[in-house]
Amino acid sequence: MSLRRSRIIGCGSYLPERVVTNAELGASVDTTDDWVVQRTGIRERRIAAKDQRCADLAREAARAALASAGVDPATGLDFIVLATTTPDNTFPATAARVQAALGMTRGMAFDVQSVCSGFIFALSVADNFIRTGQCRTGVVIGAEVYSRILDWEDRGTCVLFGDGAGAVVLSAVEGENGSGTGAGAGILSTHLHSDGRHYDLLYVDGGVSTTGTAGHVRMNGREVFKHAVTNLSGVAEEALAAHGLTPADISWLVPHQANKRIIDGVARKLGVPAERVVVTVDRHANTSAASIPLALDEAVGDGRIKAGDLVLMEAIGGGFSWGAALVRW
Ligand code: ACO
């Protein structure tokens, strides 16, 4: 049987130069390296320079992904889908700025906003454009400058986040079966959920139609934690069950990097051993929509993720919104 699906043919990422340690944050808010490491696993994060915008980070990640895929953005791309909660402007879409910066004058470029699950949502949108035959090749980016929406006096949130960007290039492949390298490779399925009743557990207290300001992140950490572990393990099981697979089949779990305790909790619930989980939260903190493509790029770049591997990505964010993507590499 012939089936069109999308395959990840390149990965890239970008991290701002400036490293900020927990100890450095402890100079301005009442916190310690010990507290942050024990509760979150975070040791340091990157913070964008004053003149760096979301589109700048996104452009660098996209360039790296395009180079690794060998795709020329001027001629070879049908779309850019960019997931972000921290866009350059209210409009136009940050993706359009990236499109111009890459020298891409055809196709489409738009943003997707689903907070920390934004990359999974954007990947799903892109995958569906390819599956339906409307597009062949595109870039999916997660890019964030959370440092701009943090309340740097709130120790409960400012220690948790960082800035960065990651990207993948997707391209259509035909044929589910066959043999040889890459047979059966591609995005097997994506699974998305939202539950808007939990708005006030994790939100930004500003916006265009409310305060006219960008606002700051507000969170009930304990409640978010409980929902995160339950919803993430649930959607991971849903993705596996859709293909008659079990957690034992997973080569690599690439989770959203919010908190090491959440990552460990989900892996434990699924029964995935720690050595098959990609972790970057210690160095990147929570980069929201950028965290999964950043982790993916690291694990592909250092050779952990190889052709034929089964990769499960999962994320949850404000809304709540959560999802998973199952990929045969
Ligand atoms: N340093 C020192 N003390 C702190 C800090 C800090 N940075 N932050 C909070 N505290 C204090 C609190 O003030 C409180 O003090 P009190 O007992 O005197 O009132 C105490 O620590 C306990 O506070 P809690 O919020 O109950 O601490 P908890 O053990 O729940 O840990 C944390 C907080 C790390 C945020 C945890 O709830 C968590 O990991 N939640 C998940 C949320 C998350 O990761 N969100 C990311 C965004 S959502 C996403 O991406 C999925």
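Relevant structure appears above.
Let me begin by describing the structure that accompanies this report.

Calculation notes
Per chain, the residues get numbers from 1 upward, laid out in the order the sequence is written. The predicted origin of the model limits local features to residues at a pLDDT of at least 70 and limits the giving and counting of side-chain atom pairs to 80 or more, whereas totals for whole chains, interfaces and linings rest on all residues. With hydrogens and water set aside, each side-chain value is computed from the structure's full complement of heavy atoms. Nearness is defined per residue: one heavy atom within 4 Å of the molecule or strand is enough. Polar contact criterion, stated in full: a pair of N or O atoms within 3.5 Å, where within protein one must be able to donate a hydrogen and the other to accept it, and residues adjacent in sequence count only if both atoms are side-chain atoms. The accessible surface values rely on the Shrake-Rupley method and a 1.4 Å probe; as for residues, cover is taken only from the protein chains in view. Secondary structure counts use DSSP, requiring at least four H or I residues in a row for a helix and at least two E residues in a row for a strand, with both numbered from the N terminus. Three categories are distinguished: nonpolar for Ala, Val, Leu, Ile, Met, Phe, Trp, Tyr, Cys and Pro, charged for Asp, Glu, Lys and Arg, and polar for the others, with Gly belonging to the last. Note that domain bounds follow an automatic or database assignment of domains. When DSSP finds two or more bridges between two strands, those strands count as paired. For helices, the fitted axis covers only the stretch in contact; all axes are lines through C-alpha atoms, and the angles between them, taken along N-to-C directions, range from 0 to 180 degrees. In this description, contact between two residues means that some pair of their heavy atoms is separated by no more than 4.5 Å. By the definition adopted for this analysis, an angle is roughly parallel if under 35 degrees, roughly antiparallel if over 145, roughly perpendicular if from 65 to 115, and oblique otherwise. By convention the crossing between two helices is left-handed if the near helix lies anticlockwise of the far one by an angle smaller than a right angle, and right-handed if it lies clockwise.

**Here's the deal with the site of the ligand**
(1) Moving on: In the vicinity of the ligand lie 22 residues, with T31, R39, R155, R222 and N259 positioned nearest.
(2) Moving on: In the environment of the ligand, a nitrogen atom lies 3.4 Å from a nitrogen or oxygen atom belonging to the side chain of W35.
(3) Moving on: Within the side chain of R155, one N or O atom sits 2.9 Å away from an oxygen atom of the ligand.
(4) Moving on: Computed on the free molecule, the ligand has an accessible area of 1,000 Å², of which 75% lies beneath the protein chains in the complex.
(5) Moving on: Breaking the shell around the ligand down by element, the ones donating at least two residues are α2 (33–40), α7 (155–158) and α8 (221–241).
(6) Moving on: Grouping the constituent residues of the shell around the ligand by class yields 11 nonpolar, 7 polar and 4 charged.
(7) Moving on: Residue-level mapping places the shell around the ligand at the junction of two domains, with at least three residues from each of domain 1 (2–176) and domain 2 (182–328).

**As for the sheet that holds strand β6 (residues 137–145)**
(1) Moving on: Overall, mixed pairing links the 5 strands, which are arranged β1-β7-β6-β4-β5 in an open sheet. The sheet is open, and its two edges are formed by β1 (4–14) and β5 (108–112), each paired on a single side. With direction set aside, neighbouring strand axes in the sheet form an average angle of 20 degrees.
(2) Moving on: Pairing of strand β4 (residues 79–83) with β6, which is carried by 5 bridges, proceeds in the parallel orientation. Paired with F79 across the bridge in β6 is G138.
(3) Moving on: The strands touched by helix α3 (residues 54–69) are β1, β4, β6 and β7 (163–174); relative to β1, the strand with the most contacts, the crossing angle is about 120 degrees.
(4) Moving on: Strand contacts of helix α11 (residues 291–301): β1, β6 and β7, with the helix running at about 90 degrees to β1, the strand carrying the most contacts.

**A look at the packing of α8 against helix α9 (residues 260–270)**
Working note: a packed helix pair is described by the angle between its axes plus the distance between those axes.
(1) Moving on: The geometry of α8 relative to α9 is characterised by a closest axis approach of 9 Å and an angle of 40 degrees between their N-to-C directions. Taken together, the axes of α8 and α9 lie oblique to each other. Crossing handedness for the pair α8 and α9: right-handed. Where α8 approaches α9, its residues F225, A228, V229, T230, L232, S233, A236 and E237 are matched on the opposing element by R261, I262, G265, V266, K269 and L270.
(2) Moving on: Across the contact of α8 with α9, the residue classes break down as 8 nonpolar, 3 polar and 3 charged.

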